[in-house]
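# Coordinates in review
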Amino acid sequence: MTTINISGVPEHFNLPWQLAIESGAFTRAGIALEWNYNKAGTGAMVKGLKEHSIDMAIVLTEGIVSAIINGLEARIVKPFITTPLIWGIHTGTSSGLKNIMECKACNYAISRRGSGSHLMAMIDAWANKRIIDERNFIEVSDIDGALKSLNENESQIFYWEKYTTKPLVDSGRLNRIGEFVTPWPCFMIAASNKALEEKGEAIGIVLEVINKASQEFVASPHAVKWLMERYAMEPGDATAWFYNTDWSYDYSISAKMLQNVMHALKKVGAIESITGAEQICADNLNLL
């Protein structure tokens with residue numbers, strides 16, 4: 001039995017992992033999967049990969065591409081979610097902001113630098129010809145930190161996945177003033193180079209198990225009900241999210257897509273240079 005430490009955000013995207021763990025699928029395959037939920041997101045998981053406290057992580061595409069180019073010794077081993085992420089653009093209830101274009105010299109709450117909340121704010125600003133000074137980013141760790149920062153008016157803007165924050169919007173604790181759709185597939189599975197060297201076969205088994213678990217989740221007539229029960233989603237939200245989200249069941253990845261990600265990251269100063277897709281991907285991937 002090989003132990004694999006893996007981390008992911010406590011969001012609906014990762015329900016197939018939980019179902020596979022609960023069903024014993026990993027154990028039957030000879031894997032002792034140690035799952036860690038990380039509320040702080042991709043930036044914190046990149047840190048875990050760097051420090052070898054985790055072997056694998058389910059991370060945002062832009063975050064892992066940026067981290068690898070900037071020196072993280074890790075590789076993408078599989079696409080996970082192939083559809084874009086819908087980011088909600090949020091503000092505190094007393095900011096008075098009605099849309100992002102009203103934001104002049106605002107502070108942005110981010111989980112940490114290099115996270116999706118950081119990179120997406122920059123990419124959205126670049127796409128819409130706005131400028132954010134690095135001094136205007138306030139690190140808040142997670143959603144709880146963002147709520148405190150926004151409602152104390154320390155920061156005014158916060159990017160986070162729309163359906164995850166919707167209960168906070170519905171309850172009046174946050175205002176959503178816009179949306180931004182990631183222009184590429186949103187989640188990848190990554191592994192540290194150390195884990196790939198020492199546990200490569202086991203990582204391959206983990207990927208096969210999650211492929212099957214994702215297929216079974218999508219095919220289940222209970223999928224929407226599980227989303228509602230486990231993530232406090234309203235029926236309409238759970239249904240809309242489920243039918244607009246696609247999981248990957250194979251090992252194919254678009255080199256052009258990765259080049260697009262790198263181009264955007266370079267434009268906003270998150271990376272200094274663009275590299276070949278093969279420098280970001282593990283050998284098991286089929287580059288298209």
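The structure this text deals with has already been given above.
If you're wondering where the values come from, they're calculated on a predicted model, not measured in any experiment. (Residues numbered from 1 in each chain as written. Predicted model: local features only at pLDDT ≥ 70, side-chain atom pairs only at ≥ 80, totals over all residues. Heavy atoms only, no water.)

## Some remarks on helix 9 (residues 223-231)
Burial in helix 9 covers these residues: A223, V224, L227 and Y231. Considered in projection along helix 9, the buried side chains sweep an arc of 100° and stay on one side of the axis. Here the buried face of helix 9 lies against helix 1 (15-23), strand 2 (31-37), helix 8 (193-219) and helix 10 (235-243). (Buried < 20%, exposed > 50% of the residue type's maximum accessible area, 1.4 Å probe, protein only. Helix = DSSP H or I, 4+ residues; strand = E, 2+ residues; numbered from the N terminus. Arc of directions from axis to C-beta. Contact = heavy atoms within 4.5 Å.)

## Overview of the environment of T82
Structurally, T82 can be placed in the loop between strand 4 (74-81) and strand 5 (86-91). Residue T82 is classed as partly exposed on the basis of its relative accessible area, which comes to 34%. The spatial distance from the C-alpha of T82 to the C-alpha of E179 is 19 Å, given a sequence separation of 97 residues. Beyond its immediate sequence surroundings of up to four residues, T82 is in contact with P185, D246, W247 and S248.

## Section: the state of the cysteines
Counted according to the given criterion, the structure contains one disulfide. Between the sulfur atoms of C103 and its disulfide partner C106 the distance amounts to 2.0 Å. When sorted by exposure, C103 lands in the same class as C106, which is buried. Its sulfur unpaired, C186 is 16 Å from the next cysteine sulfur, which belongs to C281. Relative accessible area serves as the criterion here: at 5%, C281 is assigned to the buried category. (Disulfide = S-S within 2.5 Å.)

## Examining the sheet that holds strand 10 (residues 187-192)
Consider a sheet: its strands pair through backbone hydrogen bonds, and that pairing is either parallel or antiparallel. What the five strands build is an open sheet, ordered 2-1-3-10-4; its pairing is mixed. The open sheet terminates on both sides in strands that have one partner only, identified here as strand 2 and strand 4. Ignoring which end each strand starts from, the neighbouring axes of this sheet average 25° apart. Bridge count for strand 3 (residues 56-60) against strand 10 is five bridges, and the pairing is antiparallel. In the strand pairing of strand 10, A57 is matched with A190. On the sheet, helix 1 packs against strand 1 (2-8), strand 2, strand 3, strand 4 and strand 10 and is oriented at approximately 140° with respect to strand 2. (Pairing = 2+ DSSP bridges. Axes fitted to C-alpha atoms, helices over the stretch in contact; angles between N-to-C directions.)

## Some remarks on the nonpolar core
Counting 94 residues, the largest nonpolar core has W17, M56, I64, Y108, I157, Y159 and F187 as its most contacted members. Ranked by residue count, the leading element in this core is helix 8, at nine residues. If near-sequence neighbours (up to four positions away) are discounted, W17 is found in contact with I6, F26, L33, W35, I58, F80, I189, V206 and I210. Of all hydrophobic cores here, the second largest spans eleven residues; its members include I138, A146, F158 and W160. (Core = buried A, V, L, I, M, F, W, Y, C linked by side-chain atoms within 4.5 Å.)

## What about the packing of aromatic side chains?
For the structure shown, the criterion picks out 13 aromatic pairs. Taking the centre distance of 5.2 Å and the plane angle of 80° together, the rings of F13 and W241 count as edge-to-face. Highlighted residues: F13 in the loop between strand 1 and helix 1 and W241 in helix 10, separated in sequence by 228 residues. Each member of the pair F13 and W241 is classed as buried. Taken together, the ring pairs connect F13, F187, F217, W226, W241, F242, Y243 and W247 into an aromatic cluster. The residue whose ring lies beneath K78 is Y251, and the NZ or CZ to ring-centre distance is 5.8 Å. (Phe/Tyr/Trp six-rings, centres within 6.5 Å; stacked < 30°, edge-to-face > 60°. Lys NZ or Arg CZ within 6 Å of the ring centre and 35° of its normal.)

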